[in-house]
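Breakdown of the fold
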Amino acid sequence: MREIVVEVVTAGLRRLAGSGELPDGVLEALPEIKVERPREKSHGDFSTNAALVLARHARMKPLDLARKILAALPAEQTAGISWDIAGPGFINFHIAPERLRMLLGEILARGDRYGHSAAGGGRKVLVEFVSANPTGPMHVGHGRGAVTGDTIARLLAATGHQVTREYYINDAGAQVEVLGRSVLHRCREIAGHVETPPEGWYPGEYVIEIARALLERHGDPASLPFSQVVDFAIDWVMREIREDLETMQIHFDQWFSERFLHVSGGIDRAVEELSKNGWIVQGVLERPKGWDGASPEDYDGRPQLLFRSTHFGDDSDRPLKKGDGSYTYFAADIAYHFDKARRGFDRLVDVWGADHGGYVKRVQAALEALTGKREILDVILTQMVNLTQGGKPVRMSKRAGTFVTLRDVVKETGVDAVRFWFLTRSSGAGIDFDLDLAKSRTNDNPVFYVQYAHARVFSLLTRLQERNLSRDGGDRSRLEAPEELDLIRRLGLFPETVEGAALSREPHRLTYYLSELAAAFHGYYNNHRILDEDPGLRGARLELCLAVRQVIANGLALLGVSAPESM
RNA sequence: GCGUGGUUAGCUCAGUUGGAUAGAGCGUUGGCCUCCGAAGCCAAAGGUCAUUGGUUCGAAUCCAAUACCGCGCACCA
């Protein structure tokens, strides 16, 4: 619906420019010219600032220019559209009810494709998310990243992008070895030995389960190579993670192993590539500046292999090798992102926890050094999730091994609640997730509120059948109530909302839209009788309700949330 | 100290990438079931958009300082 107005305005401007009434080159200012939705209803359905933006270039008063623009609009495309000039020179467009109502037919005809578009032009996008370490079960923070990444992927796919979902498995390095040692410790414990646990071990209950499984499968692990113990543990944890993700309706296309980068020489190649361009030096980092806490005491000031990321705006150069000569995590990450870039994606999206925020600059620096393109990567940081119950915080302590896992929360509240709730805030804002509220069946709970609106439409169809009423013979022109036209306008907003959410990687825009649409529907429903005696009115109102249902269903599908027929 | 996210109604947060008179939910107060699902709806009250400057036709939005809050700060992932 928006495109119609955009086309009309640009056609008018081109005609003016063509006839010499606008100076040459004025149309280059086109990006600044916007067709937008006015906040104030009396300002119509759309408005454009064209006259304001162009007034100076054209050396005309905005109001005079606005009149000229209106005179140049192509008459053949403006049926059902009226306009006026307001304020300092805004041009407001009003869509006539007849034209609005046509949208209902379009929505029902396009069905579950309504809201989808080709805006992305088939561009290839890689969305990397979750990437939780294979050292323990996913917690709620991972869950938020998982839902955010998956929904961004769904939005991109719906707007004409070719999307790949990828999970980066950190199966190399010290952490997984600690996991292996923790499992061995538990094995010996089960065998009756009492020993002090290994340094920095994972005390969680799940490690005991892994130990039991290992004993059952291989007997005494003392006879096994340590690497096999590690592999067994990683496989066990990853199996759990995959299960959780499946439950959450999240399906990955690729699982990318960090270890593969080490053994395949991928890191060597990336480092060599950097080196070739002079971005690597042997140097000494400055002693870390002390901040409030104690400064690290074990700074040794030794020369090491450094990536000169400061050249690309990072705060400090970054080491690529540890004291023992093995590569740092960052070195592997450089190689990983280099690999991504070389796979021919137009765009990379990474979803990380906010605690990794310090990494953004250095990864972007590496990408710029390797490919010359910095903007290719978008990093979305998700803030903390605070679990509460009845308003009081639920204690989570990973150190004590008593944290609440994502699985527990999903079991308690259901996938729909978790997915929707995690998308009710912009990713930059923290979320309070209340277990009691997420389960409640009242309008305090946005998930049920939206799903309820969907179910209500189905309930209407059931009543219709019970009473042996027909839904045919509707007369759309009977939809005259302000609430009805308002609902249709909201439905017309859906495609723009999806596109905006996709391009800005802000899924929460969609949850807000759906909550508002549901609210408008509930209000309408409470004040108007849908199943009216008059078949003309009844049919038209039913069509409106069915269109609302379709849009809610499409929106929920993009969020990965179910649209129940009854609740 | 550096970086980063944030600061909008009593609380939790939106604000469509710079538009016209600042929005929602919760909470508070008061209303609505003979009627399609009250699992819902309607109404009222509630604001120095942290502060100060700047950019321009126009700023909650962009820039610069300042003040608080969260997160991160060699050789972990």
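Remember, predicted model here, so these are calculated numbers, not experimental data.

The subject of this paragraph is the confidence of the model for chain A. Across chain A, the average pLDDT comes to 90, with 95% of residues at or above 70. Interface predicted TM-score (ipTM) for the complex: 0.94; the corresponding pTM is 0.94.

With that out of the way, let us pick up the sheet that holds strand E2 (residues 46-48). Taken in spatial order, the four strands make up an open sheet running E1-E2-E4-E3, and their pairing is antiparallel. Looking at which strands have only one partner, the edges of the open sheet turn out to be strand E1 (35-36) and strand E3 (81-86). Bridge count between E1 and E2: two bridges; the pairing is antiparallel. Directly across from Glu-36, in E2, lies its bridge partner Ser-47.

Think of a ball as big as a water molecule: rolled over the atoms, this probe shows where empty space is left. For the second largest pocket, the calculated volume is near 740 Å³. Every residue lining the second largest pocket is counted, 22 residues in all, and those nearest its centre are Arg-37, Pro-38, Arg-39, Arg-490 and Leu-493. Taken together, the elements giving at least two residues each to the lining of the second largest pocket come down to strand E4 (90-95), helix H17 (482-503) and helix H18 (508-527). Here the lining of the second largest pocket is composed, by residue class, of seven nonpolar, four polar and 11 charged.

Okay, the nonpolar core next. Counting residues in hydrophobic clusters, the biggest one holds 132 residues, and the most contacted among them are Phe-433 and Leu-491. The leading source of residues in this core is helix H19 (residues 535-559), at 12 residues. In contact with Leu-491, not counting residues within four places along its chain, are Leu-103, Leu-104, Ile-107, Tyr-114, Tyr-513, Leu-517, Leu-544, Ala-547, Val-548 and Val-551.

One pass over the full model with this rule turns up 19 aromatic pairs. Note on Phe-252 and Trp-255: the rings are 5.2 Å apart at their centroids and 55° apart in plane angle, and the pair reads as tilted. For Phe-252, a relative accessible area of 12% gives the class buried. Every member of this aromatic cluster is reached through a ring pair, and the members are Trp-279, Phe-307, Phe-312, Tyr-329, Phe-330 and Tyr-359.

Backbone-to-backbone hydrogen bonds join strands into a sheet, with any given pair of strands oriented parallel or antiparallel. Spatial strand order, E14-E13-E15: three strands in an open sheet with mixed pairing. For this open sheet the edge positions go to strand E14 (392-393) and strand E15 (431-434), each flanked by a neighbour on one side alone. Where strand E13 (residues 385-389) lies against E15, four bridges are found, and the strand directions are parallel. Looking at E15, one finds that Thr-388 is bridged to Asp-434.

Right, let's get into the protein's contact with RNA strand B. Taken together, 67 residues sit near RNA strand B, with Lys-322, Asn-443, Tyr-449, His-528 and Arg-529 positioned nearest. When atoms of RNA strand B within 4 Å of the protein are sorted by moiety, sugar and phosphate together comprise 61%. Interatomic distance of 3.0 Å between a side-chain N/O atom of Lys-361 and a sugar or linking oxygen of RNA strand B. At 2.2 Å, a backbone N or O of His-528 approaches a base nitrogen of RNA strand B. Broken down by secondary-structure element, the contributors of at least two residues to the surface near RNA strand B are helix H2 (50-58), E4, helix H16 (446-466) and H18. Grouping the amino acids of the surface near RNA strand B by side-chain chemistry returns 21 nonpolar, 26 polar and 20 charged.

This part covers a negative patch on the surface. A surface patch of negative charge is lined by Glu-3, Glu-7, Glu-106 and Glu-499. The residue Glu-499 is located in helix H17 in this model. By relative accessible area, Glu-499 is classed as partly exposed at 31%.

Of note in the backbone geometry, Val-130 takes a positive phi value of approximately 65° without being a glycine. Look at Val-130 and you get buried, because its relative accessible area is 12%.

Attention now moves to the packing of helix H6 (residues 174-190) against helix H8 (residues 226-247). Between H6 and H8, whose axes approach to 8 Å, the crossing angle comes to 95°. Relative to H8, the element H6 lies roughly perpendicular. Between H6, through Val-176, Glu-177, Leu-179, Gly-180, Arg-181, Val-183 and Leu-184, and H8, the contact on the second element is made entirely by Phe-226, Val-229, Val-230, Ala-233, Ile-234 and Val-237. Its residues assigned to classes, the contact of H6 with H8 comprises 10 nonpolar, one polar and two charged.

Relative to the helices and strands, Leu-510 is located in helix H18. Note: C-alpha distance between Leu-510 and Gly-372 (138 residues apart in sequence) is 34 Å. Dropping the residues within four chain positions of it, Leu-510 is found in contact with Leu-155, Phe-494, Thr-497, Val-498, Gly-555, Leu-558 and Leu-559.

Basis of the calculations
Residues numbered from 1 in each chain as written. Chains lettered and ligands numbered in written order. Predicted model: local features only at pLDDT ≥ 70, side-chain atom pairs only at ≥ 80, totals over all residues. Heavy atoms only, no water. pLDDT = per-residue confidence, 0-100. Pairing = 2+ DSSP bridges. Helix = DSSP H or I, 4+ residues; strand = E, 2+ residues; numbered from the N terminus. 1 Å grid on protein atoms, 1.4 Å probe; cavity = no way out; pocket = protein on both sides within 12 Å on 5 of 7 lines; lining within 4 Å. Points joined across faces, edges and corners; volume = space filled by probe spheres on them. Nonpolar A, V, L, I, M, F, W, Y, C, P; charged D, E, K, R; others polar. Core = buried A, V, L, I, M, F, W, Y, C linked by side-chain atoms within 4.5 Å. Buried < 20%, exposed > 50% of the residue type's maximum accessible area, 1.4 Å probe, protein only. Contact = heavy atoms within 4.5 Å. Phe/Tyr/Trp six-rings, centres within 6.5 Å; stacked < 30°, edge-to-face > 60°. Near = heavy atom within 4 Å. Polar contact = N/O pair within 3.5 Å; in protein donor to acceptor, adjacent residues only side chain to side chain. Patch = residues over 30% accessible without salt bridge, like charges linked within 9 Å, V, L, I, M, F, W, Y side chains within 5 Å. Areas by Shrake-Rupley, 256 points an atom, 1.4 Å probe, with all protein chains shown as cover. Salt bridge = Lys/Arg side-chain N within 4 Å of Asp/Glu carboxyl O. Lys, Arg positive; Asp, Glu negative; His and termini not counted. Charge placed at Lys NZ, Arg CZ, Asp CG, Glu CD. Axes fitted to C-alpha atoms, helices over the stretch in contact; angles between N-to-C directions. Parallel < 35°, antiparallel > 145°, perpendicular 65-115°, else oblique.

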